[in-house]
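Fold and geometry: a report
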2 protein chains.
Amino acid sequence: MTEPRIVTVGAPVKAPVLAPTYEGDFVLDEHLLLECGRALARPTLHYAVYGRLNAARDNAVLVCHALSGSALVGSWWPEIFAPGAVLSLEQDCVVCINLLGSCYGSTGPGSVDPETGETYGPDFPLISIRDNVRAQAELLDSLGIRRLRLVLGGSLGGMQALEWTILYPERVERAVIIGVAPLSAMGLALNHLQRQAIQSDPDWGGGRYLPLRPPRRGLAQARQIAMLSYKSAALFEERFGRNPNRNGEDPWGLDDHGGGLIGGRFDIAGYLDHQGERFMDRFDANAYLAILRTMDTWDPLHGHSAPAEVFGRISAQLSFIGISSDWLFPSEAVRNFACTIRATGVRADYQEMISDHGHDAFLAEQIELVRLLQ
Amino acid sequence: MTEPRIVTVGAPVKAPVLAPTYEGDFVLDEHLLLECGRALARPTLHYAVYGRLNAARDNAVLVCHALSGSALVGSWWPEIFAPGAVLSLEQDCVVCINLLGSCYGSTGPGSVDPETGETYGPDFPLISIRDNVRAQAELLDSLGIRRLRLVLGGSLGGMQALEWTILYPERVERAVIIGVAPLSAMGLALNHLQRQAIQSDPDWGGGRYLPLRPPRRGLAQARQIAMLSYKSAALFEERFGRNPNRNGEDPWGLDDHGGGLIGGRFDIAGYLDHQGERFMDRFDANAYLAILRTMDTWDPLHGHSAPAEVFGRISAQLSFIGISSDWLFPSEAVRNFACTIRATGVRADYQEMISDHGHDAFLAEQIELVRLLQ
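This text gives an overview of the structure that appears in the document. (Residues numbered from 1 in each chain as written. Chains lettered and ligands numbered in written order. Predicted model: local features only at pLDDT ≥ 70, side-chain atom pairs only at ≥ 80, totals over all residues. Heavy atoms only, no water.)

Tallying secondary structure elements over chain A gives twelve helices and twelve strands in all. By the compact-globule yardstick of 21 Å for 374 residues, chain A fits well, its C-alpha radius of gyration being 21 Å. Each principal axis of the C-alpha distribution contributes one length, and for chain A these read about 70 × 50 × 45 Å. Taking all contacts inside chain A whose residues are at least 6 apart in sequence as the whole, residues at least 24 apart take part in 75%. (Helix = DSSP H or I, 4+ residues; strand = E, 2+ residues; numbered from the N terminus. Rg over C-alpha atoms; globule rule 2.2 N^0.38 Å. Contact = heavy atoms within 4.5 Å.)

Glancing now at the interface of chain A and chain B. Where interface size is given, it is often the accessible area lost as the parts come together that is meant. Facing 68 residues of chain A, the contacting portion of chain B comprises 68 residues. Counting the surface chain A buries against chain B, the share from its top three residues, R242, W252 and L261 of chain A, is 15%. At the boundary of chain A with chain B, the tally comes to two salt bridges. With its nearest N and O atoms 3.4 Å apart, the salt bridge here joins R242 of chain B to D299 of chain A. Across the chain A-chain B interface, the total number found is 34 residue pairs in polar contact (both at pLDDT 80 or more). Mapped onto the side of chain A that touches chain B, the elements with two or more residues apiece are α4 (185-200), α5 (216-230), α6 (233-239), α7 (267-280) and α8 (285-296) of chain A. For the side of chain A that touches chain B, the per-class residue count stands at 35 nonpolar, 20 polar and 13 charged. (Buried area = accessible area lost by both parts, 1.4 Å probe. Salt bridge = Lys/Arg side-chain N within 4 Å of Asp/Glu carboxyl O. Polar contact = N/O pair within 3.5 Å; in protein donor to acceptor, adjacent residues only side chain to side chain. Nonpolar A, V, L, I, M, F, W, Y, C, P; charged D, E, K, R; others polar.)

In this section: the nonpolar core. Across soluble globular proteins, you tend to see nonpolar side chains buried next to one another. Counting 196 residues, the largest nonpolar core has L162, Y288 and L318 of chain A together with L162, Y288 and L318 of chain B as its most contacted members. L318 of chain B has contacts with L162, T165, A175, I177, I341, V346, R347, A348 and D349 of chain B, leaving out every residue within four places of it along the chain. (Core = buried A, V, L, I, M, F, W, Y, C linked by side-chain atoms within 4.5 Å. Buried < 20%, exposed > 50% of the residue type's maximum accessible area, 1.4 Å probe, protein only.)

Bringing the side chain of E163 of chain A into the picture now. Residues and elements named next belong to chain A. Residue placement: E163 occurs in helix α3 (residues 156-167). A polar contact of 2.8 Å, which involves the side chain of E163, links it to the side chain of W298. Other than its neighbours up to four places away in sequence, E163 contacts I129, R130, V133, W298 and P300.

Residues and elements named next belong to chain B. Ordered in space as β1-β4-β6-β5-β9-β10-β11-β12, the eight strands form an open sheet in which the pairing is mixed. Looking at the sheet topology across the chains shown, the edges are occupied by β1 (22-27) and β12 (348-353). Taking each pair of neighbouring strands and ignoring which way they run, the sheet shows an average axis angle of 20°. Taken together, the four bridges between strand β5 (residues 60-64) and strand β9 (residues 150-154) define a ladder with parallel strand orientation. From the neighbouring strand, V61 faces β9, where its bridge partner is L150. Contacts between helix α12 (residues 366-373) and the sheet are confined to β9, β10 (174-178), β11 (317-323) and β12, with β12 contributing the most and set at about 145° to the helix. (Pairing = 2+ DSSP bridges. Axes fitted to C-alpha atoms, helices over the stretch in contact; angles between N-to-C directions.)

At R42 of chain A, a residue that is not glycine, the phi angle is positive and equals roughly 40°. Along the chain, R42 of chain A turns up in the loop between β3 (39-40) and β4 (44-50). Residue R42 of chain A is classed as partly exposed on the basis of its relative accessible area, which comes to 37%. Even without being a glycine, S155 of chain B presents a positive backbone phi close to 60°. Along the chain, the position of S155 of chain B falls in the loop between β9 and α3 (156-167). We classify S155 of chain B as buried; its relative accessible area is 0%.

Right, let's talk about the pattern of salt bridges for a bit. All names here are of chain A. Following the criterion strictly, the structure yields 34 salt bridges over all chains and no others. Between D203 and R213 there is a salt bridge, with the nearest N and O atoms lying 3.0 Å from each other. Remark: R213 occurs in the loop between α4 and α5 and D203 occurs in the loop between α4 and α5; sequence separation between them is ten residues. On the basis of relative accessible area, R213 is assigned to the exposed category, the value being 54%. One network of salt bridges, in which partners are shared, links D141, R146, E170 and R171.

This next bit is on the relation of the copies chain A and chain B. Relating the two copies of this chain is a rotation about some axis coupled with a shift parallel to it. Screw-axis analysis of chain A against chain B gives a translation of 0.0 Å along the axis, an RMSD of 0.0 Å, and a rotation angle of 180°. One copy is carried onto the other by what is essentially a two-fold rotation axis. Mapped onto chain B, 100% of the interface residues of chain A are again interface residues, and the two copies thus contact each other with one and the same surface. (Least-squares fit on C-alpha atoms with pLDDT ≥ 70 in both.)

Here it is as structure tokens:
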């Protein structure tokens, strides 16, 4: 979920950041009917293309991003494009599309509703993963991409990748789904607390905040809660332990006025605060809320009695990857999910990425991930 | 950390709630010099006694409570007193003392500083575990209790129990230390986020809030973050899964006004909200902050170069208990801590409580705990 530029915990990203061949907007010319019953009027999808579609149109790859990601996959997943890695700018045409609800170019709560001329704000509807995938399919149609040789993503990106194989079985050859399964009760709990942190910020104002006065503190707190779930206890212990904050604060000391309720921070607290501060400069609170719900509500089996009803039509080869230290989407849950799907007759395999980096490993340990994907 | 009356997740508590033989206040007649360098003027310790001290004065037991506990151990740990369990009202004289900093009778941030005549509020000093133990020793002196046949506690209670054996080796025969070790980086992170939730509530007002307008929402959020760490993912999954909130809310639905940013809650979210609401009616925000720091700063090895310097004088028999599903104080950390102490020549054993209840198991599964302690 962390973009490489703000990873201070993690392996250094070695590959240079790639510029896309094309970055632009696609506007659906009709309403997008949503699973929630509402419709989104002529939504925009912001997207980026790396490489070019070949004459046979059989080299298209779709990369799907996670909660706070953007269409610029070359910036946040550069190692995937390293020579001999997973994708090639010479041979592949890689498309990445910003999620609906986000604040990085696609229509989200901060966009103007063309029907009312007003910003959506808290009126922005619930967008499902399936809604996103249906809109993405229209975009790919417009690019002349009928079939994907590969769709891949981690976390929310993996939800989209799997949903592609369910919704458009004839359009996907292979899917790589990393660190994801329907959110567990613990995952739902973590998202609930993040939502509450934003809602509790008086500047949120029921979602109708002023652009110059967003609920920065609530968003920062939400991000900090999320950071706990993206990393692992082992990583925190190794990097921060019980060290005082590196700026010299004293966790055993008194406040400036001599009181003892707050005191100096430990290093882990300084790190989390830093992460929160950086995030509030780059993300929008309502967009965050919108995508939390996209994440919460994703469960392909919801409303179905048998897995075969849902997964039986998949024709793609699925590769699931669990991360050993992930406690947001535990590797066991990913493996069980893969087994459930495989039991319906789908070609599905499961691999485990051994890493101390927690859920974030697919971004923080890209070289390891590439090794596994090869 | 949860008192039985608010455990809705957990094994039913079978034993009747016990009334103490005596419940009252002890006031230190001098200043308590604190490790932080400040002093607490004539602090009050609120305490409860169950049973009676015998003529030989060799039947005294000290039970130490956790973050949000009280002196009324008979109310929150009744199974420990069940016939044939761990403690006996006929044979033992059980003392339990409310932590300094708490809001259940001992001097805390809500108390009046006798030197200024004003409520401490944010001027309340940092109280260490060691400060508590030194004050407790004076109270026991006043009761004529020189030696403890047993001191026991879970979580923060375990910190006090161990500190007793370090500070007063000649006064303790045996100590049972449950689900605790110095807080890890992940634990410090969880406490930091709880602290922030309270500090971010505009009603907190830098700790100078009005008694009738406390930072309820911030305290509730802190409690909810804590609840995640007191329970386990497995327990949440079993009890709540992805079920909609039992009051009939629809997590896939729109808000009342048709927006999609918030929506209906899942069952786990309803549970957490309920826990938060109950807690804000029973606890004080500044007291919570004070005790978080007591917890954060406890590390017997802090400032020492060798474990033997710290633990070498312990003469009590120590029994450590880790809880298999505890992720706030992982059983591995408890076991390693026990091993470190044992390596200094102390008589220490380690047992593991197998439970899905997480850190809270020592309160939620008392019958299991009793079985282990026998």
